[in-house]
Amino acid sequence: MQEASKSDAKKIGIAMLSGLVIGLILHKTGYAWLTEYLDPLGTIFVRLLKMMIVPLVFSSIFMAMINLGTPEAMGTMGRRAVIYYFVTTAIAVFFGMIFVNLINPGVGASLGTAGLENLSGSMAEKVVGNKGLYQTILGVLISAIPKNPFEALANATVLQLIIFAILLGWVALYHKQDADPIVKFMGSLEKLSLALTHLILKFAPIGIFVLMLDVMAKSGMTAIISLSKYILTVIVGLSCHALFLMFIASTRLKKSPLYILKGLSAPLLTAFSTSSSAATLPITMTSVEENLGVHKDTAKFVLPLGATVNMDGTALYESVAAIFIAQAYGHDLGIAQQLVIFLTASLAAVGAAAIPGAGLITMSIVLTAVGLPLEGIGLILAVDRLLDMFRTTVNVFGDCVGTIWVDSMDGQIGKHVESGG
Ligand code: ASP
């Protein structure tokens, strides 16, 4: 692992902890308002990261297509990645559902029956039928096709951008001469984007310090204490899933968990403090390649796609939150409803944008599917920002492990780093 990235990671870690502690002190002493003077630095950091998403994703995916050389090679990689996404997301939801049913955080929360009028006699009747579910999936697929690629570029609609870059890269493979100028352009855009990302990373300790300071100073501990059982359920579930992912990473990479954590500390801590997989993407891309030895084409292709559709943490969180809300309203969910939650939570995570709070918005898919009142979201709102930090970290970790998984199937993994762990 490069010395520079080791010390960067250390600085980021220290910055996060200091932000956390000082933020709590400011909250306790009534000086939370002081953070307003520093807030712009956090905003600048996140904007700088977001600035890199479009140029980096567009050029990386296009160049990955060109480097892979054939549509078949990219098809194989895509298939492996998608299988990995599906299986790990399902396992994440499974963990969430096990723990929420074991801990029962919503039972006895005595929230009355307000909103229950939205429930039908038989919840199964309210469940989105096969047609509804099918339409929802179709909707996600159709909306991935850009009507206008320049609009997708301008609005940073990442999934549409990915589809356009793949298609453009695909035809470029068959029209080498015509493609030459654009391949050269994309190649240098990619290199410059990476160089700029490295530069922005230097600013990460300050940005992360301010972001942590702000969250802790403003939220403090009150909401945390009143919803502690619910928070505990989400965090225990996420931790179990993270351990499972670490097991995959460690066995596939043949490196210790500590080595992997050190290599990924910059993207994981950035994910934690920004609560955005998309904003973290530029850092994730450089870290897996430089610190873990993931092949650059795998990183370029699997990470942007993963940041958009593979959200294990969000899927787990949505299943726990939905069942928590049902428990709080005193509603017993049968196996059929739990199965619907299982499916819709996975789907809602695919549909969630990689930005802060997106999971809370797509929660409505899960709640509507089992006929739970949308007002239930109000119960968990106060701690959503906090839990978003944890679930985004797991989302990003899942994406990183995805690259290791895909790479290891070709026996490529780890060939680009010299030192072991
Ligand atoms: N903030 C998450 C992410 O960017 C999405 C969510 O809200 O769950 O990965």
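Refer to the preceding data block for the structure.
Residues numbered from 1 in each chain as written. Predicted model: local features only at pLDDT ≥ 70, side-chain atom pairs only at ≥ 80, totals over all residues. Heavy atoms only, no water.

In terms of nonpolar packing, the biggest core is built from 104 residues, with Y230, I260 and F301 touching the most fellow members. Filtering out sequence-adjacent residues up to four positions away, I260 remains in contact with M246, A249, S250, L253, K255, L292 and F397. (Core = buried A, V, L, I, M, F, W, Y, C linked by side-chain atoms within 4.5 Å. Buried < 20%, exposed > 50% of the residue type's maximum accessible area, 1.4 Å probe, protein only. Contact = heavy atoms within 4.5 Å.)

Together, Y31, W33, L34 and Y37 give the surface a local cluster of nonpolar side chains, amounting to about 480 Å² of exposed area. If you trace the backbone, L34 turns up in the loop between α1 (3-29) and α2 (39-68). By relative accessible area, which is 35% here, L34 ends up partly exposed. (Patch = residues over 30% accessible without salt bridge, like charges linked within 9 Å, V, L, I, M, F, W, Y side chains within 5 Å. Areas by Shrake-Rupley, 256 points an atom, 1.4 Å probe, with all protein chains shown as cover. Salt bridge = Lys/Arg side-chain N within 4 Å of Asp/Glu carboxyl O. Helix = DSSP H or I, 4+ residues; strand = E, 2+ residues; numbered from the N terminus.)

Counted according to the given criterion, the structure contains seven salt bridges. Between D214 and K218 there is a salt bridge, with its nearest N and O atoms 2.7 Å apart. Remark: K218 and D214 occur in helix α9 (residues 204-219); sequence separation between them is four residues, near one turn of the helix. Close ionic contact of K300 with D297 constitutes a salt bridge, the shortest N to O distance being 3.5 Å. Taken together, the residues span about one helical turn, with K300 and D297 both in helix α14 (residues 296-309) at a distance of three residues. The same class applies to K300 as to D297, namely buried.

Two elements in contact, helix α11 (residues 228-253) and helix α19 (residues 384-408), have axes separated by 9 Å at closest approach and are oriented at 15°. Considered as vectors, α11 and α19 are oriented roughly parallel to each other. Between α11 and α19 lies a crossing of left-handed hand. Considering only residue class, the contact of α11 with α19 consists of 19 nonpolar, three polar and two charged. (Axes fitted to C-alpha atoms, helices over the stretch in contact; angles between N-to-C directions. Parallel < 35°, antiparallel > 145°, perpendicular 65-115°, else oblique. Left-handed = near helix turned anticlockwise from the far one by under 90°. Nonpolar A, V, L, I, M, F, W, Y, C, P; charged D, E, K, R; others polar.)

Before going further, it helps to examine the site of the ligand. In the vicinity of the ligand, 16 residues are found, and the nearest of them are S277, T314, G359, D388 and R391. Here an oxygen atom of the ligand and a backbone polar atom of A358 are 3.0 Å apart. Within the side chain of N395, a nitrogen or oxygen atom sits 2.9 Å from an oxygen atom of the ligand. Considered on its own, the ligand offers 270 Å² of accessible surface; in the complex 100% of this is hidden by protein. Placement of the ligand is best described as lying within the largest cavity. Residues that form the shell around the ligand fall into these classes: six nonpolar, eight polar and two charged. (Near = heavy atom within 4 Å. Polar contact = N/O pair within 3.5 Å; in protein donor to acceptor, adjacent residues only side chain to side chain. 1 Å grid on protein atoms, 1.4 Å probe; cavity = no way out; pocket = protein on both sides within 12 Å on 5 of 7 lines; lining within 4 Å. Sits in = over half its atoms within 2 Å of the grid points.)

To continue, consider empty space enclosed by the protein. One pass over the structure, following the stated rule, counts one cavity of 30 Å³ or more. Lining of the largest cavity is provided by 15 residues; of these, T314, I355, D388, T392 and N395 occupy positions nearest its centre. Contributing elements (two or more residues each) for the lining of the largest cavity: α17 (358-369) and α19. With four residues, the top contributor of residues to the lining of the largest cavity is α19. (Points joined across faces, edges and corners; volume = space filled by probe spheres on them.)

Here we take up unusual backbone geometry. Unusually for a residue other than glycine, A156 sits at a positive phi of about 50°. Locating A156 in the fold gives a position in the loop between α6 (149-155) and α7 (158-174). Residue classification places A156 among the partly exposed positions, given a relative accessible area of 36%.

Before going further, it helps to examine α14. Working note: α-helix, 3.6 residues per turn, so residues spaced by three or four point in the same direction. Counted at 1.5 Å a residue, the expected span for α14 with its 14 residues is 20 Å, and the 20 Å between its end C-alpha atoms agrees. The largest bend in α14 comes to about 25°, at V302, with the proline P304 one to four residues further on. Across the 14 residues that make up α14, a large majority, 13, are buried. (Expected span 1.5 Å × (residues − 1). Bend = angle between axes of the 7 residues up to and from the residue.)

Following the sequence through the fold, A315 ends up in helix α15 (residues 312-328). Setting aside residues up to four positions removed in sequence, A315 forms contacts with T89, V93, A345, S346 and A349.

Attention now moves to the layout of surface pockets. Estimates place the volume of the largest pocket at around 810 Å³. Around the largest pocket, the lining comprises 26 residues; the ones closest to its centre are V82, F86, L141, V309 and V350. Elements with a minimum of two residues in the lining of the largest pocket: α3 (71-103), α5 (130-143), α7, α14 and α16 (335-351). Residue classes in the lining of the largest pocket are distributed as 22 nonpolar, four polar and no charged.

Any functional reading would require information beyond the geometric quantities listed.
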